[in-house]
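# Architecture and fold: a report
Here is what each chain is made of, one letter per residue.
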Amino acid sequence: MTCKLTMTLISESQEGRCGDDWKYELSVKVFSEGLKGEGSISVPKHTLESGAIRAPHGSPDPVALFSGECPTELLVRMDLTATEVDLFVNDVGKASKEIKIESPGPAGHKVTKEVDIAAGVRESPGLLGNKNSVFTLRVRFTLVSE
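I will try to describe carefully the structure that is included in this document. Keep in mind that what you see is a predicted model, and the values were worked out from it rather than measured. (Residues numbered from 1 in each chain as written. Predicted model: local features only at pLDDT ≥ 70, side-chain atom pairs only at ≥ 80, totals over all residues. Heavy atoms only, no water.)

### Some words on the packing of aromatic side chains
This is how the line gets drawn: Stacked, edge-to-face and tilted are the three classes for Phe, Tyr and Trp ring pairs, Trp counted by its six-membered ring, which pair at centre distances within 6.5 Å; planes under 30 degrees apart are stacked, over 60 edge-to-face, the rest tilted. Secondary structure elements are defined from DSSP: runs of H or I of at least 4 residues count as helices, runs of E of at least 2 residues count as strands, and each element is numbered from the N terminus. The buried label applies to any residue whose accessible area, calculated with a 1.4 Å probe on protein chains only, is under 20% of its type's maximum; exposed applies above 50%, and partly exposed to all values in between.
On inspection of all chains with the given rule, the structure shows two aromatic pairs. Each ring, one from Y24 and one from F135, has its centre 4.8 Å from the other, and the planes form 45 degrees; the classification is tilted. Note that Y24 is positioned in strand β2 (residues 21-31) and F135 in strand β9 (residues 132-145), a separation of 111 residues in sequence. Assigned by exposure class, Y24 and F135 land together as buried. Aromatic rings pair up to connect W22, Y24 and F135 into one cluster.

### Topic: the environment of S32
As a reminder, the rule being used: The contact criterion used throughout is that any non-hydrogen atoms of two residues lie within 4.5 Å.
With respect to the helices and strands, S32 occurs in the loop between β2 and β3 (35-47). Linking S32 and G16, residues 16 residues apart in sequence, is a C-alpha distance of 37 Å. Residue contacts for S32: discarding those within four places in its chain leaves P71, E73 and L74.

### Notes on unusual backbone geometry
In the Ramachandran plot, E33 falls in the positive-phi region, its phi being about 55 degrees despite a non-glycine side chain. Within the secondary structure, E33 is located in the loop between β2 and β3. Positioned with a positive phi, S59 is a non-glycine residue whose angle comes to about 45 degrees. Note that S59 resides in the loop between β4 (53-54) and β5 (63-69).

### Side note on the pattern of salt bridges
The condition that has to hold: Salt bridge, as used here: a side-chain nitrogen of Lys or Arg that lies within 4 Å of a carboxyl oxygen of Asp or Glu.
Considering all chains together, one arrives at five salt bridges under this definition. Across the salt bridge formed by D116 and R138, the nearest N and O atoms sit 2.7 Å from each other. Placement of D116 in strand β8 (residues 110-122) and of R138 in strand β9 is noted, with a sequence separation of 22 residues between them. Note on D116: relative accessible area 30%, which makes it partly exposed.

### A word on the pairing of strand β6 (residues 73-84)
Operational definition: Pairing between strands requires that DSSP locate at least two bridges from one strand to the other.
One ladder, built from ten bridges, connects β2 with β6; its direction is antiparallel. Paired with K23 across the bridge in β6 is T83. As defined by bridge partners, β6 adjoins strand β7 (residues 91-102) across twelve bridges and the pair is classed as antiparallel. Within β7, the residue paired with A82 across the bridge is G93.

### Some points on the state of the cysteines
To keep it simple, the criterion reads: What counts as a disulfide here is a pair of cysteine sulfur atoms lying within 2.5 Å.
Here the structure, examined in full by the defined rule, presents one disulfide. Disulfide pairing is shown between C3 and C70; the S-S distance is 1.9 Å. Taking the torsion about the sulfur-sulfur bond, which here is approximately -105 degrees, the covalent link between C3 and C70 counts as left-handed. Placement of C3 in strand β1 (residues 2-16) and of C70 in the loop between β5 and β6 is noted, with a sequence separation of 67 residues between them. Note on accessibility: C3 and C70 belong to one class, buried.

### Some remarks on the sheet that holds β6
The line we're drawing: Under this scheme, a helix contributes an axis fitted over its contacting stretch, all axes are lines through C-alpha atoms, and angles between N-to-C directions fall in the 0 to 180 degree range.
Read from one edge of the open sheet, four strands run β3-β2-β6-β7, paired in antiparallel fashion. Each of the sheet's edge strands pairs with one partner strand only, and the pair in question is β3 and β7. Neighbour-to-neighbour, the strand axes of the sheet open up by a mean angle of 15 degrees, direction not taken into account.

Structure representation (structure tokens):
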């Protein structure tokens, strides 16, 4: 039995006082007895107000991460780099997260998993007090048996 794993960005948000100009990159690697696939999505600079939760800027297309023999589970490693864009010095936060996705079973079945990954970002230099933000990205992984 073969499977196909895709990644779709669902929403983006940021909460805090760093600023409203953001860009980010999400890189993903898929493992099952070694590296089985990888992919990434980069979203360019755009405005994202504090407290707003919205669809990802530019509506990036889903990314196919893996296609092949379906083991009992896949390990998915996510690495998020969120950047609050400033005139002189950008403020960057990074986060990593791992999830397991169980095999969907017989052909025609699927497993869907939505996860949030959040990166803390600190304003630099911190001359005007501590300004922090948390950038959160919601991602959907869909594993379909073929």
